[in-house]
Every structure is written in C-alpha cells, then in structure tokens.
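What follows is each chain in one-letter form.
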Amino acid sequence: MKRPMFLTAVIGIFSVIAVFYCNIAIFAAILFLSVFSFLLLKSKVSFKSVMVLLFSTLIIFSLSLSLLKLERLSGLSGTTVTEEFVITDEPFSSTEYFSADAVCLSGNTLKKGDKIRLFYEKADISVGDTISINLKISEISKEKRMFYYSNGIFATGSVKHFENSSNNSLLCLIPRFRRSINNILNASPLSHKAKAIISALTVGDKSGLSSGFDTFVKASGTSHVMVVSGMHLVIIMGFFTNLLERIFYNKYLYALISLGGVVAIMAVCGFTMSIVRAGIMYITVAAAPLFSRDSDPLNTLGTTVCLVIIFSPYAIFNISFQLSVLSTLGILLLTDYLTLKICYILRIQKKLPTKIVELISITLAATVMTAPVCIYHFGFLSTVAIITNLLITYSVTACIRFSILGMLLGLVFGNNIASVFLYVAGIFAEYTSNVIKDFGSLPFAVLPLNNFFTIASTLLAIVLIILMQLDNRRLAKIKREI
C-alpha cells in the first residue's frame with residue numbers, strides 16, 4: 001500500500017485480461033470475493049485503501065460499458081446504415097483495399113463517438129474530412145479482436161457509397177488541425193524521407209514510412225523513437241517550460257501551460273495510447289507542486305495506467321502502449337541502479353563518462369523490461385539497440401525541436417518562415433534515418449528468438465528487480481563512493 005495507484009494499475013490490468021479471456025460471471029465472483037476479503041482484512045479503512053477500491057470500481061464500470069458497447073455494435077453486424085463520419089487518422093492502403101479510422105458524428109443508427117474502421121475502394125479521402133457514408137457494419141473476427149479493441153474499434157464497415165459534407169462539430173477540429181500541420185510539412189522543400197521521419201516524430205503519423213524502413217526500425221531497436229510517447233513529450237514541453245523558467249516562474253502558470261501544451265500535443269497526435277499515457281503522467285508530475293507534494297514516479301505511472309484503462313480498457317493490448325509503459329517502468333526502476341553499479345565496477349567518476357554510462361543504462365533498462373513484448377510480438381531482439389540509440393538521441397531531440405518551431409511559426413506566419421526551421425530539422429531527420437537504416441540492415445542486427453525466450457526474458461527482468469531491491473542498502477554506499 002505504499003504505492004496504492006501502482007497496485008490498482010496491476011489490479012486493473014488483470015481485470016481487463018480476465019474479462020477478455022474468461023467468463024464475465026466467474027470474473028465478477030472473483031472480484032467480489034477479492035474486494036470483500038480486502039475490506040475484512042483491513043481493520044482500519046485508510047485513504048489509500050479507499051483510492052484502490054474507488055479506482056478499481058471505476059475500471060470495472062468502464063469495462064462494463066465497453067462490453068455493452070461491444071454487444072450493441074455486434075448486434076448491428078450485417079446491417080447497412082447511413083451516418084456522417086469524420087476521418088481521424090491518415091488513410092492507408094494495402095494491395096486489396098484502402099482503410100481509415102473514422103468517428104461517427106450523426107448518431108442515427110450508431111451513436112455519436114462510435115469509432116469504426118472503414119474499408120473502401122480507392123478514393124480521395126484524407127484526415128479531417130467529414131463524409132456522409134452508406135456502409136455495411138461487420139463484426140470483428142476473433143483473431144483480430146485484440147488489435148482492434150486495443151485501438152478503441154469494436155466494429156468495421158464496408159463503404160458502399162459516400163459524399164462529402166460540411167460538419168463543423170468539435171470532433172472535426174482536431175483532425176483538421178492535424179491536416180493543417182501536415183500541409184505545412186508537405187509544403188517544405190524536404191525529401192520524402194525527411195518529411196516521413198519528421199511526421200512520425202512530431203505528430204505520430206507513420207503513414208509515410210515504408211514497410212522496409214519499419215523493418216529497419218524494429219531491427220535497430222528504435223521502435224520507441226518512431227512512436228510519439230514520453231521521450232518526445234519531454235523534449236517538446238521541456239523546450240517551452242525551460243523558456244518560461246528563464247523569464248519567470250509561477251507554479252500555477254507552469255501547471256496551466258503544462259496542461260494546455262500536453263493536451264494540444266495529445267490532440268495533434270490523435271490521442272494514441274502511448275502519447276495519452278505519457279501526457280497523463282506529465283500532467284500528474286507538473287500538478288504535484290500545486291498540492292505541495294512530491295510525485296512518486298511509480299505511483300504516478302500507476303495513476304496513468306489506471307486513467308488510460310478507465311478511458312479505454314483494452315488499451316493494455318496495444319503494442320505501443322505496452323512498450324511505452326514497460327520502458328518507462330524499466331527506466332524508473334533500473335536506470336540509477338545500473339548506472340551506479342557500472343560506474344562503481346569500472347571506477348568511473350568523471351562527469352562525461354558518467355553521462356555516457358547513464359545513457360547506456362537508460363537504453364539497457366528499457367530493453368530489459370520490453371524484451372518479453374518484443375520477442376513475443378516480433379520474434380527477435382535487437383543486438384544493436386544500445387549503439388543505435390546512443391547515435392540518434394541528440395539528433396532526434398534537435399529534429400523535434402526545430403520541427404515544432406517551424407510548424408508553429410508556419411501556422412502564424414506562413415510556409416516561408418516554417419521552411420527555414422524545417423530545413424534544419426530535415427538535416428537531423430536524414431541523419432537519423434541513415435543511422436537506423438545502416439544499423440538495422442546489418443546481418444547480425446537481430447537475434448531470432450522463440451517464445452521460450454519470452455518467458456526467460458520475463459524471469460530475467462524479475463530477477464534483476466529483486467537483486468536491485470536486495471542491494472538497496474549497498475546502493476547508498478555506492479553513491480557515497482562515487
């Protein structure tokens with residue numbers, strides 16, 4: 001109970017898994033017995049126990065709403081409906097069809113806010129478009145449920161006919177704002193490769209990246225770089241908050257700017273699960289001084305996971321969300337420990353070598369915690385992740401900062417001024433792309449592993465955390481000696 005929200009997050013994750021894989025009645029009985037036993041064991045009900053119970057109840061309530069929504073949309077399978085939608089993400093194509101994610105605006109047969117994956121023949125559709133569509137609703141097949149549910153999609157639709165409309169509701173503003181930013185980037189004098197990298201790093205749009213380059217990204221161990229998450233958010237917000245602190249500092253203004261900036265970034269990135277996780281965690285940390293409290297990183301991470309599960313229960317099955325949470329958990333738990341141990345063993349005391357060891361430890365900590373997910377989903381582990389991440393860390397930072405400056409200036413002053421900053425960002429984007437491609441294409445870049453190593457890597461992470469806990473007393477001694 002030292003970290004009640006972290007405990008609640010664990011309860012929430014197991015609750016979602018139980019609902020997805022097990023009978024709901026069995027799950028309800030187990031939950032009731034667990035809560036009842038918990039209350040019996042607590043001789044004195046504390047604030048922390050109340051928070052655990054409250055958030056656990058909210059998670060169960062959210063799960064129940066998701067099940068009702070799923071049942072409603074499943075009942076419409078095979079039905080042809082006519083609704084108005086806004087396209088929320090860049091459409092993408094395969095060899096057989098085009099597809100795009102869209103949110104319902106009209107609410108005739110569907111309900112407002114229902115998210116549908118649309119399948120259609122080639123058409124001129126882009127993010128932010130509002131379209132009146134005649135489509136046939138289909139239930140999601142069993143083998144694809146985990147992928148679609150994790151993205152908040154509970155049904156698909158085959159488009160029979162559509163025509164443009166001019167809806168200007170609030171739900172349309174965010175996709176259109178994303179399109180405005182993409183238009184600024186597309187108007188800049190950069191290569192297609194540089195534009196695709198910048199778009200992926202800043203607005204989370206990976207549609208411009210080829211499947212071949214995506215293979216290099218996975219092989220080089222830089223998947224987290226191409227998914228807008230905590231690292232990107234810290235880079236962007238750090239630029240503005242540092243500027244604010246140089247002028248003057250007020251904790252209320254700091255919290256307000258942090259809230260507004262983070263929400264804006266989450267909106268531009270389409271509220272993907274990885275950026276939502278990072279955004280909630282950033283806001284929680286930024287708001288802590290308002291209540292004269294120091295934020296506990298693990299408890300903050302737990303709070304973030306709980307809120308994401310309440311907002312979208314099946315988000316825990318999203319690979320990007322899994323990698324984002326586990327890498328953050330690894331960095332929080334293991335970075336300082338690994339840095340101190342390595343510096344102690346190698347007798348490193350100078351600032352620059354210590355900084356290099358810290359960067360290596362961050363990558364190593366994140367790799368250890370995300371290894372089970374990578375092996376399970378990708379079937380391999382990158383052998384060049386550490387060196388690749390070291391080589392691109394500062395170029396990615398520079399690329400993001402110049403890109404954000406260029407896009408913001410472009411929205412205010414036009415494309416000419418934006419192009420200057422985007423050109424500089426493009427130089428760093430080209431360098432980042434070349435490093436990822438060069439290291440990802442090496443014959444020894446990946447180590448093929450089967451599911452046995454998923455279990456083995458999980459046990460390795462657990463053992464490392466246990467060793468760290470057992471070594472906590474020596475940790476203080478190591479700090480003093482360094």
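Above this note sits the structure.
All of these numbers come straight from a predicted model, not from anything done at the bench. Each chain has its residues counted from 1, following the order in which its sequence is written. It should be noted that, the model being predicted, local features are given only for residues of pLDDT at least 70 and side-chain atom pairs only at 80 or more, the latter also being counted only at that level, while totals for whole chains, interfaces and linings use all residues. For the side-chain quantities, the full set of heavy atoms in the structure was used; hydrogens and water were omitted.

Undergrad: Which parts of the structure should I look at to understand the overall build of the protein?
TA: Across its full length, the protein carries 17 helices and 8 strands. Between buried and exposed lies partly exposed: a residue is buried under 20% and exposed over 50% of the maximum accessible area for its type, with that area taken using a 1.4 Å probe on protein chains only. Scored against the burial criterion, the 482 residues of the protein give a buried share of 45%. In the protein, 74% of the contacts between residues at least 6 apart in sequence involve partners at least 24 apart. Accessible surface, the protein: about 24,600 Å² in total, of which carbon and sulfur atoms supply 65%. Only runs of H or I of at least four residues qualify as helices and only runs of E of at least two qualify as strands under DSSP, and these elements are numbered from the N terminus. We call two residues in contact whenever any of their non-hydrogen atoms come within 4.5 Å of each other. Each accessible area value is a Shrake-Rupley result obtained with a 1.4 Å probe; residue values ignore everything except the protein chains displayed when judging cover.

Undergrad: Teacher, can you tell me more about the pairing of strand 6 (residues 156-164) here?
TA: The side chains of a regular strand alternate between the sheet's two faces. When DSSP finds two or more bridges between two strands, those strands count as paired. Here 3 bridges tie strand 4 (residues 115-120) to strand 6, and the two strands are oriented parallel to one another. Residue pairing across strands places F119 opposite S158, the latter belonging to strand 6. Note: strand 5 (residues 130-138) against strand 6, 8 bridges, orientation antiparallel. Bridging across to strand 6, I131 finds its partner in N164.

Undergrad: Sorry, what's going on with helix 15 (residues 415-440) here?
TA: Because each turn of an α-helix spans 3.6 residues, side chains separated by three or four positions end up pointing in the same direction. Throughout, the bend at a residue refers to the angle made by two axes, fitted to the seven residues ending there and to the seven starting there. The largest bend along helix 15 reaches roughly 25 degrees and is located at F421. Those residues of helix 15 that fall on the buried side of the exposure criterion are A418, S419, L422, A425, G426, A429, T432, S433, V435, I436 and G440.

Undergrad: Please explain the nonpolar core as it appears in this structure.
TA: Counting 104 residues, the largest nonpolar core has L118, M226 and L334 as its most contacted members. With 8 residues, the top contributor of residues to this core is helix 10 (residues 273-287). The residues contacting M226, other than those within four sequence positions of it, are I197, A200, L201, K206, L209, F213, V217 and I436. As used in this record, nonpolar core signifies buried Ala, Val, Leu, Ile, Met, Phe, Trp, Tyr and Cys residues forming a set joined through side-chain atoms within 4.5 Å.

Undergrad: Looking at this structure, I do not really get helix 3 (residues 47-75). What am I missing?
TA: Here, expected helix span is obtained from the residue count minus one, scaled by 1.5 Å. Compared with an ideal rise of 1.5 Å per residue, which puts 29 residues at 42 Å, helix 3 spans 42 Å between its outermost C-alpha atoms and is within 8% of the ideal. Residues of helix 3 that are buried: S49, M51, V52, F55, S56, I59, I60, S62, L63, S66, L70 and L73.

Undergrad: Could you clarify how one ought to interpret the pattern of salt bridges in this entry?
TA: Pairing of side chains with opposite charge becomes possible as their charged atoms draw close. Here, a salt bridge means any side-chain nitrogen of Lys or Arg that lies within 4 Å of a carboxyl oxygen of Asp or Glu. Evaluated as defined, the whole model comprises 7 salt bridges. The salt bridge involving R179 is made with D129; its shortest N-O contact spans 2.5 Å. With R179 in helix 5 (residues 170-186) and D129 in the loop between strand 4 and strand 5, the pair connects residues that are 50 residues apart, well separated along the chain. Among the residues examined, D129 registers a relative accessible area of 17% and is labelled buried. Across the pair E430 and K193 runs a salt bridge whose closest N-O atoms are separated by 3.3 Å. Here the residue E430 occupies a position in helix 15, and K193 occupies one in helix 6 (residues 192-202), the gap between them amounting to 237 residues. Beyond isolated ion pairs, a larger network of salt bridges with shared partners links K69, R72 and D114.

Undergrad: Can you walk me through the packing of helix 13 (residues 351-378) against helix 16 (residues 451-470) in this structure?
TA: Helices that pack against each other are described as a pair by the angle of their axes relative to one another and the distance between those axes. An axis is simply a line fitted to the C-alpha atoms; with a helix, the fit covers only the stretch in contact. Between two such axes, the angle follows the N-to-C directions and lies from 0 to 180 degrees. Packing of helix 13 against helix 16 brings their axes to within 8 Å, and their N-to-C directions diverge by 170 degrees. Classified by the interaxial angle, the pair formed by helix 13 and helix 16 is roughly antiparallel. Between helix 13, through V368, M369, A371, P372, I375 and Y376, and helix 16, the contact on the second element is made entirely by N451, F453, T454, S457, T458, A461, L464 and I465. In this count, Pro and Cys sit with the nonpolar residues alongside Ala, Val, Leu, Ile, Met, Phe, Trp and Tyr, while Asp, Glu, Lys and Arg are called charged and the others, Gly among them, polar. A breakdown of the residues in the contact of helix 13 with helix 16 according to their chemical character gives 10 nonpolar, 4 polar and no charged. Roughly parallel means an angle under 35 degrees; roughly antiparallel means over 145; roughly perpendicular covers 65 to 115; every other angle is labelled oblique.

Undergrad: Please explain the environment of D336 as it appears in this structure.
TA: Secondary-structure assignment places D336 in helix 12 (residues 319-346). Judged by relative accessible area, D336 falls into the exposed class, the value being 54%. The sequence separation of D336 and I362 amounts to 26 residues, and the corresponding C-alpha distance is 8.6 Å.

Undergrad: Help me understand the side chain of D114 in this model?
TA: As for its position among the elements, D114 is in the loop between strand 3 (98-104) and strand 4. For D114, a relative accessible area of 2% translates into the label buried. Any pair of nitrogen or oxygen atoms within 3.5 Å is treated as a polar contact; in protein, a donor-acceptor pairing is required on top of that, and neighbouring residues in sequence qualify only through side-chain atoms on both sides. Only 3.0 Å separates the side chain of D114 from the side chain of R72, close enough to count as a polar contact. Among all residues touching D114, those that are not within four sequence positions of it are K69, R72, L73, A102, V103 and C104.

Undergrad: Explanation requested: the pairing of strand 5 in the structure shown.
TA: Pairing geometry for strand 1 (residues 80-87) and strand 5, over 7 bridges, is antiparallel. Paired with T82 across the strands is N134, a residue of strand 5.

Undergrad: Please clarify how a nonpolar patch on the surface should be interpreted in this entry.
TA: Together, I455, L459, I462, V463, I466, L467 and L470 give the surface a local cluster of nonpolar side chains, amounting to about 680 Å² of exposed area. By the element assignment, I462 lies in helix 16. Here the term patch refers to residues with relative accessible area over 30% and no salt bridge, with like charges joined within 9 Å and nonpolar side chains (Val, Leu, Ile, Met, Phe, Trp, Tyr) within 5 Å.

Undergrad: Looking at this structure, I do not really get the packing of helix 6 against helix 14 (residues 385-413). What am I missing?
TA: Orientation of helix 6 relative to helix 14, taken along the N-to-C sense of each, is 90 degrees, at an axis distance of 10 Å. Taken as axis vectors, helix 6 and helix 14 run roughly perpendicular relative to one another. Contacts from I198, L201 and T202 in helix 6 reach V396, C399, I400, S403, I404 and M407 in helix 14. Residues that form the contact of helix 6 with helix 14 fall into these classes: 7 nonpolar, 2 polar and no charged.

Undergrad: When you look at the environment of F20 in this model, what are you seeing that I'm missing?
TA: Relative to the assigned elements, F20 resides in helix 1 (residues 4-21). For the pair F20 and L63, spaced 43 residues apart in sequence, the C-alpha to C-alpha distance is 9.8 Å.

Undergrad: Help me out: how do you make sense of the packing of aromatic side chains in this one?
TA: Given two aromatic rings, one states the distance between the centres and the angle between the planes to describe the pair. The pairing test for Phe, Tyr and Trp rings, Trp by its six-membered ring, is centres within 6.5 Å, and the orientation test on the planes gives stacked under 30 degrees, edge-to-face over 60, and tilted for anything in between. Evaluation of the coordinates by the stated rule reveals 14 aromatic pairs. Judged by centre distance (4.8 Å) and plane angle (50 degrees), the rings of F20 and F317 are tilted. Here F20 is found in helix 1, whereas its partner F317 is found in the loop between helix 11 (297-311) and helix 12, with 297 residues between them in sequence. Classification of F20 as partly exposed rests on a relative accessible area of 22%. Judged by centre distance (5.4 Å) and plane angle (45 degrees), the rings of Y149 and Y314 are tilted. Placement of the pair is Y149 in helix 4 (residues 145-150) and Y314 in the loop between helix 11 and helix 12, with a sequence separation of 165 residues. Note on accessibility: Y149 and Y314 belong to one class, buried.

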